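Topology and contacts: notes
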Amino acid sequence: MAENIATGLDAQVNHTLAVLRDSVIEGDIGHENGILPGLSLRSDMALQASGRYISQEGRLLTLDVTTQAQGDWMALHLSLGGSDYTPHGFVGLACRTAAPEPIIVQPCLRSGTEEGFVDCFFDKHILATPEEASHLDALPIHNRSNLPLHAPWRELIMFLPVHSFRWSLHDLRIFVV
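A brief look at the structure comes next. (Residues numbered from 1 in each chain as written. Predicted model: local features only at pLDDT ≥ 70, side-chain atom pairs only at ≥ 80, totals over all residues. Heavy atoms only, no water.)

1. Description of the overall build of the protein chain
The helix and strand tally for the protein chain stands at one helix and 15 strands. For a compact globule of 177 residues, the expected C-alpha radius of gyration is about 16 Å, and the protein chain comes in at 16 Å, within 12% of that figure. Seen along its three principal axes, the alpha-carbon backbone of the protein chain occupies a region of about 45 × 45 × 30 Å. Put simply, the protein chain has 177 residues, and 46% of those count as buried. Pairs at least 24 apart in sequence give 73% of the contacts found in the protein chain among residues at least 6 apart. With the model as given, the accessible surface of the protein chain reaches about 9,000 Å², and the carbon-plus-sulfur share is 53%. Treating the 11 positive side-chain charges of the protein chain as one cloud and the 21 negative ones as another, the clouds have centres 4 Å apart. (Helix = DSSP H or I, 4+ residues; strand = E, 2+ residues; numbered from the N terminus. Rg over C-alpha atoms; globule rule 2.2 N^0.38 Å. Buried < 20%, exposed > 50% of the residue type's maximum accessible area, 1.4 Å probe, protein only. Contact = heavy atoms within 4.5 Å. Areas by Shrake-Rupley, 256 points an atom, 1.4 Å probe, with all protein chains shown as cover. Lys, Arg positive; Asp, Glu negative; His and termini not counted. Charge placed at Lys NZ, Arg CZ, Asp CG, Glu CD.)

Next comes the structure, spelled out in structure tokens:
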């Protein structure tokens with residue numbers, strides 16, 4: 001039997017993603033959707049978002065979203081836990097996505113602070129097109145003023161379109177090195 005216990009700052013989130021990858025989960029989309037512990041889809045109530053999400057074995061997540069009105073945001077939230085990034089150099093993500101119509105997804109690292117939180121957006125947006133494509137981006141930890149080295153909690157947030165769309169997140173890996 002292979003050892004399946006991973007350690008490191010990225011272990012918790014990559015375990016959540018592995019559970020999703022090995023599961024078949026589906027549900028209706030509303031204002032706030034807890035997909036798995038540590039993984040949720042949330043949206044501005046003004047959007048009046050509806051639709052379905054599905055996770056098929058071997059793939060992460062497909063979102064089929066319909067919006068009825070205008071709103072400011074919709075996002076996939078993935079908990080990274082609390083952490084000290086001092087001894088590390090980069091935090092990043094690698095993913096594969098596709099969408100029937102081109103859409104842009106904007107990844108962000110949100111870190112908890114005493115005042116609330118601070119967002120640090122990745123330099124590259126994820127472009128999803130009909131042809132499956134890979135995306136890789138990393139934030140240098142020590143030269144971003146809006147990326148605290150210590151945080152009681154962190155989330156990877158993928159800001160999604162605020163109009164109706166279909167998006168498939170085939171794979172996602174998080175790394176802290």
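2. Digging into the sheet that holds strand 4 (residues 50-55)
Taken in spatial order, the six strands line up as 1-4-5-15-8-12 in an open sheet, and their pairing is antiparallel. The open sheet terminates on both sides in strands that have one partner only, identified here as strand 1 (25-28) and strand 12 (133-140). Going across the sheet, the axis of each strand differs from the next one's by a mean of 20 degrees, ignoring polarity. In terms of strand pairing, strand 4 meets strand 5 (residues 61-66) through five bridges, oriented antiparallel. Within the sheet, the bridge partner assigned to serine 50 lies in strand 5 and is threonine 66. With respect to the sheet, helix 1 (residues 11-21) is in contact with strand 1, strand 4 and strand 15 (165-176), its orientation differing from that of strand 15 by roughly 140 degrees. (Pairing = 2+ DSSP bridges. Axes fitted to C-alpha atoms, helices over the stretch in contact; angles between N-to-C directions.)

3. Here we look at the side chain of asparagine 33
Secondary-structure assignment places asparagine 33 in strand 2 (residues 32-36). Residue asparagine 33 is classed as buried on the basis of its relative accessible area, which comes to 7%. Within polar-contact distance, the side chain of asparagine 33 engages the backbone nitrogen of glycine 30 at 2.9 Å. (Polar contact = N/O pair within 3.5 Å; in protein donor to acceptor, adjacent residues only side chain to side chain.)

4. Brief notes about the pattern of salt bridges
Enumeration over the complete set of coordinates arrives at eleven salt bridges. Between arginine 21 and aspartate 171 there is a salt bridge, with the nearest N and O atoms lying 2.9 Å from each other. Taken together, the residues span a long stretch of sequence, with arginine 21 in helix 1 and aspartate 171 in strand 15 at a distance of 150 residues. For aspartate 171, a relative accessible area of 12% corresponds to the buried category. Here arginine 42 ties to glutamate 32 by a salt bridge, and the two come within 4.0 Å at their closest N and O atoms. Residue arginine 42 is found in strand 3 (residues 39-43), and its partner glutamate 32 is found in strand 2; the two are separated by ten residues along the sequence. Linked through salt bridges whose partners overlap, the residues forming this network are Arg21, Arg96, Glu132, Asp171 and Arg173. (Salt bridge = Lys/Arg side-chain N within 4 Å of Asp/Glu carboxyl O.)

5. Points about the pairing of strand 15
Two faces make up the sheet, and in a regular strand the side chains alternate between them. Of all twelve residues that make up strand 15, nine are buried, and the element is covered over most of its length. Pairing of strand 5 with strand 15 involves five bridges; the strand directions are antiparallel. Paired with valine 65 across the bridge in strand 15 is phenylalanine 165. Where strand 8 (residues 90-98) meets strand 15, eight bridges bridge the pair, whose relative direction is antiparallel. When the bridges of strand 15 are listed, cysteine 95 appears paired with leucine 172.

6. Description of unusual backbone geometry
Positive phi, normally seen in glycine, also occurs at glutamine 48, with a value near 55 degrees. Mapped onto the secondary structure, glutamine 48 falls in the loop between strand 3 and strand 4. The partly exposed category is assigned to glutamine 48, whose relative accessible area is 46%.

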